[in-house]
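# An overview of the molecular structure
This is what each chain is made of:
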Amino acid sequence: MKRAGCLLFGAIPVLVTAVVYFATPEHPATADGKGGTSASSQAREEAKAKAERAADDEVIADMPPGLAAPGKKELAQQIVASAENSTLKWREAYGYIEDIGDGQGYTAGIVGFCTGTHDLLTLVERYTKAHPDNGLARYLPALRKVDGTDSHEGLDPGFTTAWKREARLPAFREAQVTERDRVYFGPAVRLAKLDGLGTLGQFVYYDAMVLHGPGTGPDGFYGLRERAMREADLPSEGGDEKAYLDIFLDIRRKAMKSKNPDRDTTRIDTAQRQFLYDGNLDLKTPLEWKVYGEAYKVP
C-alpha cells in the first residue's frame, strides 16, 4: 500500500513545517520581486529557520533515542514492512516493484517509493549523481515525464527488470536506506520528539509519513498533524499523549477512507491503535499485531 497524498509541498501551515521547508534544497523560495520572496527576506527566513533548527537540535540531544535506537528502528521497519510488503523481512523488499493500481504508478523498494509521487524520481536522481553509470539512469527522462501521474510511458517494458537488477547492488540498497531516513524516518522522529511523543508516537508519525507523504495538503502528513492539533493539545503543550494519538489515528483513518471507502485500514485498526490501547507507549516487545488479517509477532 502507498500514500494517498503528493510529496510536493503546497502551503506552509505551521512554523515547524516552514523550518523543514526552508531546510530542504529541493524547495527553494522564489525571488521574482512580484509577490514572491525577495532575496533579503528569503535570507532572513532561512537564517531564522536555521537558528530554530539549532535550538531544536539541542532539545532533542537531551532526549532518549526513542525510535532512533537501533533495536527500535529495526522494529519500526518490520512493522512498516508488514503493511507495505506483507512481511517482517524488510530487507527482502529492495527489489520489490509493481503497480498496485492506486493511481501512483509503480510502487517500489523498502518504503514503497512511487513513480507518481516524486520520491522515486528523487531517489534515482540522487543515486545517479553518486553513481552515474547505474542501470536506472537511462530512465530518468521518462521518470521526470511521468512524475505526478500513474503513467508507465517510457518505463515499460524494461524499468521493472532494471530496478530488480539494480537492487542486487549494495550501493543502491544503501541509497534506498539513505533516502528513507532523509525523507521519512528522520523528519518524522524529529518532529514527534518535539511534539512530546514517546516511541509509539514517533512510529505513528513515521508510518503516517510513509503512507501519506510529507505534504502540507489536507491528506499529507503535515496537513493531518494540523488537523489533529485543532482537536487536541500536543503532549509538549500539556496535552494527553494517548488522547492526541487517538485523534491523530482517527484523522489518518478518515484520510485513508476518503478516496476509497473500502480501503483496508488494519495497519491502524489492528496494529497501531492496538498498541495504543494496550498502553504500550514505549513500543516494548514482545509485540503482536495483525495487518490485512495476517498475524505478526516480534519476540
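Just above, that's the structure.
Residues numbered from 1 in each chain as written. Predicted model: local features only at pLDDT ≥ 70, side-chain atom pairs only at ≥ 80, totals over all residues. Heavy atoms only, no water.

## Brief notes about the overall build of the protein chain
Along its length, the protein chain carries 11 helices and five strands. Relative to its 299 residues, the protein chain shows a buried fraction of 51%. Of the contacts made within the protein chain by residues no fewer than 6 positions apart, 61% connect residues no fewer than 24 positions apart. (Helix = DSSP H or I, 4+ residues; strand = E, 2+ residues; numbered from the N terminus. Buried < 20%, exposed > 50% of the residue type's maximum accessible area, 1.4 Å probe, protein only. Contact = heavy atoms within 4.5 Å.)

## Side note on the nonpolar core
Across soluble globular proteins, nonpolar side chains show a tendency to be buried alongside one another. Counting residues in hydrophobic clusters, the biggest one holds 76 residues, and the most contacted among them are Phe-159, Trp-163, Tyr-205 and Tyr-206. Not counting chain neighbours up to four residues away, the residues in contact with Tyr-206 comprise Leu-67, Ala-76, Gln-77, Val-80, Val-111, Arg-180, Tyr-184, Phe-185 and Ala-188. (Core = buried A, V, L, I, M, F, W, Y, C linked by side-chain atoms within 4.5 Å.)

## Section: the environment of Pro-235
By secondary structure assignment, the location of Pro-235 is in the loop between α9 (221-231) and α10 (241-258). The spatial distance from the C-alpha of Pro-235 to the C-alpha of Gly-196 is 4.9 Å, given a sequence separation of 39 residues. In contact with Pro-235, not counting residues within four places along its chain, are Asp-195, Gly-196, Leu-197, Glu-241 and Tyr-244.

## Observations regarding the packing of aromatic side chains
This model, assessed by the stated rule, comprises 15 aromatic pairs. Between Tyr-106 and Phe-159 the ring centres are 6.3 Å apart and the planes differ by 40 degrees, which places this aromatic pair in the tilted class. A residue pair is termed long-range when its members are at least 10 positions apart, and Tyr-106 in the loop between β1 (97-98) and β2 (107-108) and Phe-159 in helix α6 (residues 159-166) qualify at 53 residues. Comparing Tyr-106 with Phe-159, the two get one shared label, buried. In this structure, Lys-73 packs its charged tip against the face of Phe-185, placed 4.7 Å from the ring centre. (Phe/Tyr/Trp six-rings, centres within 6.5 Å; stacked < 30°, edge-to-face > 60°. Lys NZ or Arg CZ within 6 Å of the ring centre and 35° of its normal.)

## Let's talk about unusual backbone geometry
Residues Asp-156 and Pro-157 are joined by a peptide bond in cis, for which omega reads 5 degrees. Mapped onto the fold, Pro-157 is located in the loop between α5 (140-146) and α6. Cis geometry is adopted by the peptide bond preceding Pro-286, which originates at Thr-285 and carries an omega value of 5 degrees. Relative to the elements of secondary structure, Pro-286 occurs in the loop between α11 (266-277) and β4 (287-291). Located in the positive-phi region is Leu-283, a residue other than glycine, with phi close to 50 degrees. Residue class for Leu-283 comes out buried when judged on its relative accessible area of 0%. The backbone of Tyr-292 shows a phi angle near 55 degrees, a positive value even though the residue is not glycine.

## Quick word on the pairing of β4
Because side chains alternate across β4, one face comprises the buried residues Leu-287, Trp-289 and Val-291, and the other comprises Glu-288 and Lys-290, none of which is buried. As defined by bridge partners, β4 adjoins strand β5 (residues 294-298) across five bridges and the pair is classed as antiparallel. When the sheet's bridge partners are listed, Trp-289 is paired in β5 with Tyr-296. The turn joining β4 and β5, which pair antiparallel and follow one another in sequence, is formed by two residues; a positive phi near 55 degrees is taken by Tyr-292. (Pairing = 2+ DSSP bridges.)

## A word on the sheet that holds β1
Taking strand neighbours across the sheet as the criterion, the three strands line up as β1-β2-β3 in an open arrangement whose pairing is antiparallel. Looking at which strands have only one partner, the edges of the open sheet turn out to be β1 and β3 (113-114). One ladder, built from two bridges, connects β1 with β2; its direction is antiparallel. Of the residues in β2, the one forming a bridge with Glu-98 is Thr-107.

## Some remarks on the packing of helix α8 (residues 199-212) against α10
Any two packed helices are characterised by how steeply their axes cross, that is the angle between the axes, and by the distance between the axes. The interhelical angle for the contact between α8 and α10, taken along N-to-C directions, is 15 degrees, at an axis separation of 11 Å. When the axis of α8 is compared with that of α10, the two are roughly parallel. When the axes of α8 and α10 are compared, the crossing they make is left-handed. From α8, Gly-201, Val-204, Tyr-205, Asp-207, Ala-208, Leu-211 and His-212 reach across to α10, where they touch Tyr-244, Leu-245, Phe-248, Leu-249, Arg-252, Ala-255 and Met-256. In terms of residue class, the contact of α8 with α10 is made up of 10 nonpolar, two polar and two charged. (Axes fitted to C-alpha atoms, helices over the stretch in contact; angles between N-to-C directions. Parallel < 35°, antiparallel > 145°, perpendicular 65-115°, else oblique. Left-handed = near helix turned anticlockwise from the far one by under 90°. Nonpolar A, V, L, I, M, F, W, Y, C, P; charged D, E, K, R; others polar.)

By themselves, these are just geometric observations and shouldn't be taken as functional.
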